[in-house]
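Structural overview for review
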Protein chains: 2
Amino acid sequence: MGRAVFKKLVTVEEALEALYEHVKPNPLEVEEVEIKEAYGRILGEDVIARIDLPPFSRAILDGYAVRAIDTSFASETNPTRLRVIGRIPAGELPLLEVKEGDCIEIDTGAFLPKGTDAVVRVEDTSIDGDVVKIYDSVGRGSGIAPMGSDVYHGQFVMSKSEEITAEKVGVLAGLGYHKVDVLMRPHVAIFSTGNELIEPREELGATKIYDVNQYSIGALVQKSGCIPIYLGIKKDEVEEIREAVVEGLRCAHVVIMSGGTSAGVSDLAYKVFDGLGGPGLIVHGIAAKPGKPTIIAAIGDKPIFGLPGFPVSALVIYGLIVDPFLRAMSGKKGEVRRKLKAKLATRHISDRGRREYLPVFLKHRRKALNAVPVLGGSGAIASLSSADGVVEIPENVDLIEKDEIVRVELFSEVRSADIIAVGDSSPISQIILEELRRSGRKVRAEFRGLEHGLTWVRDEIADLLVACIPEDELFDPLRFPSKLTNLRNFKMKMVWASYDKEIFYPGSTFALPRIGSGLRRYAEECIRRKVENFDVIETWSYDASMNLVLNRRAISALLPLYTVTKYDVKFIDAFCANIIYLIRDELLSTRIGKTLLRRIRSKELDLTLSSLQGIS
Amino acid sequence: MGRAVFKKLVTVEEALEALYEHVKPNPLEVEEVEIKEAYGRILGEDVIARIDLPPFSRAILDGYAVRAIDTSFASETNPTRLRVIGRIPAGELPLLEVKEGDCIEIDTGAFLPKGTDAVVRVEDTSIDGDVVKIYDSVGRGSGIAPMGSDVYHGQFVMSKSEEITAEKVGVLAGLGYHKVDVLMRPHVAIFSTGNELIEPREELGATKIYDVNQYSIGALVQKSGCIPIYLGIKKDEVEEIREAVVEGLRCAHVVIMSGGTSAGVSDLAYKVFDGLGGPGLIVHGIAAKPGKPTIIAAIGDKPIFGLPGFPVSALVIYGLIVDPFLRAMSGKKGEVRRKLKAKLATRHISDRGRREYLPVFLKHRRKALNAVPVLGGSGAIASLSSADGVVEIPENVDLIEKDEIVRVELFSEVRSADIIAVGDSSPISQIILEELRRSGRKVRAEFRGLEHGLTWVRDEIADLLVACIPEDELFDPLRFPSKLTNLRNFKMKMVWASYDKEIFYPGSTFALPRIGSGLRRYAEECIRRKVENFDVIETWSYDASMNLVLNRRAISALLPLYTVTKYDVKFIDAFCANIIYLIRDELLSTRIGKTLLRRIRSKELDLTLSSLQGIS
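Residues numbered from 1 in each chain as written. Chains lettered and ligands numbered in written order. Predicted model: local features only at pLDDT ≥ 70, side-chain atom pairs only at ≥ 80, totals over all residues.

1. Things to note about the overall build of chain A
In plain terms, the rule: A run of H or I in DSSP counts as a helix once it spans at least four residues, and a run of E counts as a strand once it spans at least two, with each numbered from the N terminus. Put simply, a residue is buried when 20 or more other C-beta atoms lie within 10 Å of its own C-beta and exposed when 12 or fewer do; between those, it is partly exposed, and each C-beta is set from the backbone. Residues are treated as contacting if the C-beta atoms built from their backbones sit within 7 Å of each other.
On a plain count of helices and strands, chain A comes out with 14 helices and 36 strands. Taken over the C-alpha atoms alone, chain A extends approximately 115 × 75 × 50 Å along its principal axes. Here chain A holds 616 residues, and the buried ones make up 52% of them. Within chain A, contacts between residues at least 6 apart in sequence are counted, and of these 74% link residues at least 24 apart.

2. A look at the relation of the copies chain B and chain A
Note the following rule: Copy-to-copy superposition: least squares on the C-alpha atoms, limited to residues that have pLDDT of at least 70 in both copies.
Mapping chain B onto chain A calls for a screw motion: a turn of 180 degrees about the axis and a shift of 0.0 Å along it, with 0.1 Å RMSD after fitting. Seen this way, the second copy is the image of the first under a two-fold rotation axis. Considering only C-alpha atoms, the residue of chain B closest to the rotation axis is Arg338(B), which sits at 5.0 Å. The fraction of interface residues of chain B whose copies in chain A are also interface residues reaches 100%, indicating that both copies meet through the same surface.

3. Things to note about the packing of helix α3 (residues 213-223) of chain A against helix α2 (residues 166-174) of chain B
This is how the line gets drawn: Axis definition: a line fitted to C-alpha atoms, over the contacting stretch in the case of helices. Angles run 0 to 180 degrees between N-to-C directions. Should an angle fall under 35 degrees it is taken as roughly parallel, and over 145 as roughly antiparallel, whereas 65 to 115 is taken as roughly perpendicular and any remaining angle as oblique. By definition, any crossing whose near helix is turned counterclockwise from its far helix by less than a right angle is left-handed, and any crossing with a clockwise turn is right-handed. For this classification, the nonpolar set comprises Ala, Val, Leu, Ile, Met, Phe, Trp, Tyr, Cys and Pro, the charged set comprises Asp, Glu, Lys and Arg, and every other residue, Gly included, is treated as polar.
Orientation of α3(A) relative to α2(B), taken along the N-to-C sense of each, is 160 degrees, at an axis distance of 7 Å. Regarding the angle of α3(A) to α2(B), the classification is roughly antiparallel. α3(A) and α2(B) meet at a crossing whose hand is right-handed. Contact with α3(A), carried on its side by Tyr215(A), Ser216(A), Ala219(A), Leu220(A) and Lys223(A), involves Ala166(B), Glu167(B), Val169(B), Gly170(B) and Ala173(B) of α2(B) and no other residues of that element. Of the residues in the contact of α3(A) with α2(B), the class split is 6 nonpolar, 2 polar and 2 charged.

4. Some thoughts on the interface of chain B and chain A
Listed per partner, the contact involves 98 residues of chain B and 99 residues of chain A. Broken down by element, the side of chain B that touches chain A gets its largest block of residues, 8 residues, from α2(B). Among the residues making up the side of chain B that touches chain A, the classes are represented as 47 nonpolar, 32 polar and 19 charged.

5. What to know about the packing of α3(A) against helix α6 (residues 311-330) of chain A
Residues and elements named next belong to chain A. It is at 11 Å that the axes of α3 and α6 come closest, and there the two elements cross at 30 degrees. The pairing of α3 with α6 is recorded here as roughly parallel in orientation. Considering the relative orientation of α3 and α6, their crossing is right-handed. Seen from α3, the contacting residues are Asn-213, Ser-216, Ile-217, Leu-220 and Val-221; seen from α6, they are Pro-311, Ala-314, Leu-315, Tyr-318, Asp-323 and Leu-326.

6. Some words on the sheet that holds strand β8 (residues 125-128) of chain B
Residue and element names in this part refer to chain B. What counts is decided by this rule: Strand pairing is assigned whenever DSSP detects at least two bridges linking the two strands.
Pairing in this open sheet of 6 strands is mixed, and the strands run β7-β4-β6-β5-β9-β8 from one edge to the other. Edge positions in the open sheet fall to β7 (118-121) and β8, since each of these has one partner strand only. When the angles between neighbouring strand axes are averaged without regard to direction, this sheet yields 40 degrees. Note: strand β4 (residues 63-66) against strand β6 (residues 102-106), 3 bridges, orientation antiparallel. Note that in β6 the partner of Tyr-64 across the bridge is Glu-105.

7. A short note on the pairing of strand β36 (residues 570-584) of chain B
For a regular strand, side chains alternate in direction, first toward one face of the sheet and then toward the other. Where strand β31 (residues 464-470) of chain B and β36(B) come together, 7 bridges link them in antiparallel fashion. Looking at the pairing, Leu465(B) lines up with Leu582(B) of β36(B).

8. Considering the sheet that holds strand β20 (residues 295-299) of chain A
All names here are of chain A. Spatial strand order, β16-β13-β17-β21-β20-β18: 6 strands in an open sheet with mixed pairing. Both edges of this open sheet fall to β16 (227-234) and β18 (279-284), since each of them pairs with a single strand only. Across this sheet, the average inter-strand angle for adjacent strands is 15 degrees, counted without regard to direction. Note that strand β13 (residues 187-193) and strand β17 (residues 254-258) share 5 bridges and pair parallel. Residue pairing in the sheet places Phe-191 in a bridge with Met-257 of β17.

9. Describing the environment of Thr595(A)
Residues and elements named next belong to chain A. When you line up the elements, Thr-595 lands in helix α13 (residues 591-600). Look at Thr-595 and you get partly exposed, because 16 C-beta atoms sit within 10 Å. Along the sequence, Thr-595 and Ala-90 sit 505 residues apart, while their C-alpha atoms lie 59 Å from each other.

10. Some words on unusual backbone geometry
Peptide bonds are mostly trans, and most non-glycine residues show a negative phi. Residue Leu53(A) is joined to Pro54(A) through a cis peptide bond whose omega torsion reads -10 degrees. Tracing the backbone shows Pro54(A) in the loop between β2 (47-48) and β3 (58-59). In the segment running from Lys289(B) into Pro290(B), the intervening peptide bond is cis, with an omega of -5 degrees. Relative to the helices and strands, Pro290(B) is located in the loop between β19 (288-289) and β20 (295-299). In the Ramachandran plot, Ser161(B) falls in the positive-phi region, its phi being about 85 degrees despite a non-glycine side chain. Checked against the element boundaries, Ser161(B) lands in the loop between β11 (156-158) and α2. Under the C-beta neighbour-count criterion, Ser161(B) is labelled partly exposed, with 16 such atoms within 10 Å. Phi is positive for Glu460(B), close to 60 degrees, though the residue is something other than glycine. Here Glu460(B) lies in the loop between α9 (450-458) and β31.

11. A look at the domain arrangement of chain A
By a widely used convention, the size of an interface equals the accessible area lost when the partners come together. Residue and element names in this part refer to chain A. Just so we agree on the cut-off: Domain limits in this description derive from either an automatic procedure or a database domain assignment.
Here chain A is described as being made up of domain 1 (12-26 + 186-330), domain 2 (30-53 + 150-183), domain 3 (58-145), domain 4 (339-416) and domain 5 (421-610). Between domain 1 and domain 4, the C-alpha centre-to-centre distance is 27 Å. Examining the composition of the side of domain 1 that touches domain 4, we find that 5 residues originate from one element, α6, more than from any other. Grouping the constituent residues of the side of domain 1 that touches domain 4 by class yields 9 nonpolar, 2 polar and 1 charged.

12. Here we look at the pairing of strand β26 (residues 389-393) of chain A
Residue and element names in this part refer to chain A. With respect to burial, β26 is a largely interior element, 4 of its 5 residues being buried. Where strand β24 (residues 355-365) meets β26, 5 bridges bridge the pair, whose relative direction is antiparallel. Note on β26: the bridge partner recorded for Tyr-357 is Glu-392. One ladder, built from 3 bridges, connects β26 with strand β28 (residues 405-410); its direction is antiparallel.

13. Looking at the environment of Glu76(B)
Topologically, Glu76(B) is positioned in the loop between β4 and β5 (80-88). In the structure, Glu76(B) is positioned 58 residues away from Ile134(B) in sequence and 8.1 Å away in space, judged by C-alpha atoms.

14. Considerations on the environment of Asp388(B)
Secondary-structure assignment places Asp388(B) in the loop between α7 (381-385) and β26 (389-393). Note: C-alpha distance between Asp388(B) and Ala371(B) (17 residues apart in sequence) is 9.0 Å.

15. A word on the confidence of the model for chain A
All names here are of chain A. Defined as follows: pLDDT gives the predictor's per-residue confidence on a scale running from 0 to 100.
Averaged over every residue, the pLDDT of chain A is 89; residues scoring 70 or more account for 95%. Ranking the elements of chain A by mean pLDDT puts helix α5 (residues 266-273) last, at 74, and strand β12 (residues 179-183) first, at 98. Across residues 1-5, where pLDDT falls below 50, the model places 9 contacts with residues more than four positions away in sequence or in other chains. Our summary of model confidence lists the complex with pTM equal to 0.89 and ipTM equal to 0.90.

The following block contains the structure:
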């Protein structure tokens, strides 16, 4: 079977240009909403004041409406006396007119009586029968909001296409708008393609994965000011995809599909749009990493975006291409992302000829801000969700050295992690780190094995290292960088768990921690002593290993006794492991270091751990 | 009638402390929502992965699943040949096992077959019958996303109380969450008090104004992550307010009222909460400007905020006191407001002893960023809505000099105004400025009269000055700062409009432009020539003046002929006015200056204006 390979990749800019040549992202018609529902919507009309605001000159404080000239000589020692001829409460029309030597008591918000041009505040007066003493002179206009001083009748107040803020809701109300015209929100049909995809509500089969893209794109579509319509998961077949596209074009203004656009099924794209009408396929492949397998098409004036199937790729391309288009339609302004400079914490090799978008998280190190590339590739949505921002690497750069300055575009306002924990996973770590999390610390745990942990400690990215090594294996301080202090050791009983009695026979499959984990080598040696020929499935966690046994994909797994006793499985003793908590020295003097130290050596923790079987 | 005056003002910090002593802003229970609805909500549970992600080791590209070791010597010139024993599409379980020298064709996303540990991408191969030639060696793990490499089973993925971003919606979907627990949104009851207030849907009477606060606060409540419940407008009477408070306590978690809390009606506050239960009134008066007349009370564990009636004061106090409380309940993180330094464009006098929050807009002037206080006091919601940010002035500062550096806290990302137009209002300006607005320029028009305009031009705040002066009055260049260039003059016929034939009789009321407008003095002289004793109502615009005549509040108004002919009123000739458009010289060389010049001298404008009666 022959497979097409992408041949003419275009840049993001070229892709957008090609799209805009065929389809203009014009705002839709307007709809009328009550102002209670208007917050965050986009104005569909110019607002030109139909009244003055305030609609009449009014008092802005409680006191006495006067002719300013009558107070000219008032002072603390020689107050001016004015006759109070009445009182005018808010909401009522004053019928009296004020002449020389007179005044009227007035409430905040009340209509200013004829003849007066100032209000003396009550704090500067004292009353004596129907005479008020005024202790301070006031100028003309003092204590008054003149008619139209906020907005004048006929004033151009807001433009069509402005976003309605809370303050603007207030302005609309003040101008007597009960309802207002806003732009209609575009409808965006979304579906995913892929034979391996299932909906999150379904049971996970052995070869299936849950669809991410419909939902993450659905949320982004809302963020872009549009309404998502979920069309579900489609098989990677021309007819099914074409039907979904047609359905999307019928019910929405824009269609977004994801998956089904890699080089392997690229022929599909041509076939899908064949016969649906012009202009059809516009862009087929983008010179970006991630995001190469992107297609853009249009039928009539409706665009169809085909995003890569990998969740991270889909999100990157959404941000670069779909978001600007949708925002131009919805009128929702794009968020301005803050950019800052940071040192790249690790050497990074990029592809020449493709612009790369590298997700990173931020970490303070030696008083400088560092950008650390997140683990995981373009399939790693969780890694992306924990990133603080992205570094754009131009097409002509193929290498960035460690500590080189890069520009990070922040996803939102971020706080760099307070503590980063690495090393081997263990059931104890969750318990230890939980309290830090609860106290509001930003804890980043990347338990990706001892080797990876050591690298990050050497690079001064990580603060806390958890080493889980066999008890027999002497703890060799030389293996660890000198700048680490041992906070505490625990012992953990390890067992071979299984659904079967007999586990060590030729060809059996074992679930083991990944290569690079502290126990991996020793575990394999243990097995090899009993049987020569065996298979291994690697996992990142004991839960995952347990799961493989429960699903009978592995005959046995190396697990802590503590984990095993929660399940109804057989087990036999393996060996004892040492869990060592090491912290970077320079953290010891910091507040978070001290908190951690106190926590890890506390009686409460001892008490908690003493209740865990096989841990001491 | 005696009036209480605020006596013990507390600072914002003291007010919050006092409140928190009685009421804790604890998050509510959780509710389950579908992940389609979860975007922007606050997690109500810790998310700990119940599966591996990906759930199995899978190919991340189209190609051939191989034993990496078999490709060790592959090169462009000396490709390795492997036997293709089958094909494994995405979503299917591979039944074949790969032995030395074998490989399996594999799709992106497909389950990695037993025995293989790498995938060679199709671009590095060529097929020849059932043999594939491999042109590049691959390392172990290449082209694969190992099981659990994004998230491992048991991994702590997200904390309770995190906001659910679009990426996190994706993570939840990927982990098989169809629904998720989120924090319930607090319900907040809102009402306004004030005898002068009416709802925007009602007809505006002579002494009423539209209620702003219910709606602006309602929008802010949504922004704080809560659900507003609108209880309407209440009279300034103890019983009615108390009933509304009781109703609010019944249907909501928090009650916000506004108005009815100035010193004049401060006794009400005590009476309202009397007998409703403890702790009752907590704070009565805050040392902030604006915002002094603020009260905080609590009945049981529900807080009641009484905000000032003035819209700007209400919004400032909401931001300082209510918003932090509501966000602590809803879990919605506050927006981090960017701060920047700017020169204060005008001298500002503040009240010692009260912290002042001064709304400003930003303007570039001589390459420095300037903060210009917005016009209008604490009643001026429209002015606030057009502000870019706020300057906080400490209690111990009573004067800030012009050009002194201040810190501006931005409301959102702002773009300083492209052009600021000031001076006299005229029907032509709207036409001239509209095109600039349409072309995406940020135009700020503050037509507050010639005198104000001249001040802003001298202070280099304004760019375009519109002067409207009587034709008889010689245009005196000396009145205008030297650095202005005259762009163009128009003539505008002015008339006396009226509903009556006879207008110049003793005691008649005239609607005139405000003092400081270019035509005011001359207009008054014209009247005085005919009648000695008359009243004046000042307006900011011809529309407002027209309105006073239509409502019979003024016998006559000075108006452009053009405005009058749109209405069915009588009029007699007054005089001819000159409208002069002046631009600051330094703008002439800029792009926007050139655009304006082109526009104002264009044939299109001539054509438009020639159709307007009385303008030439």
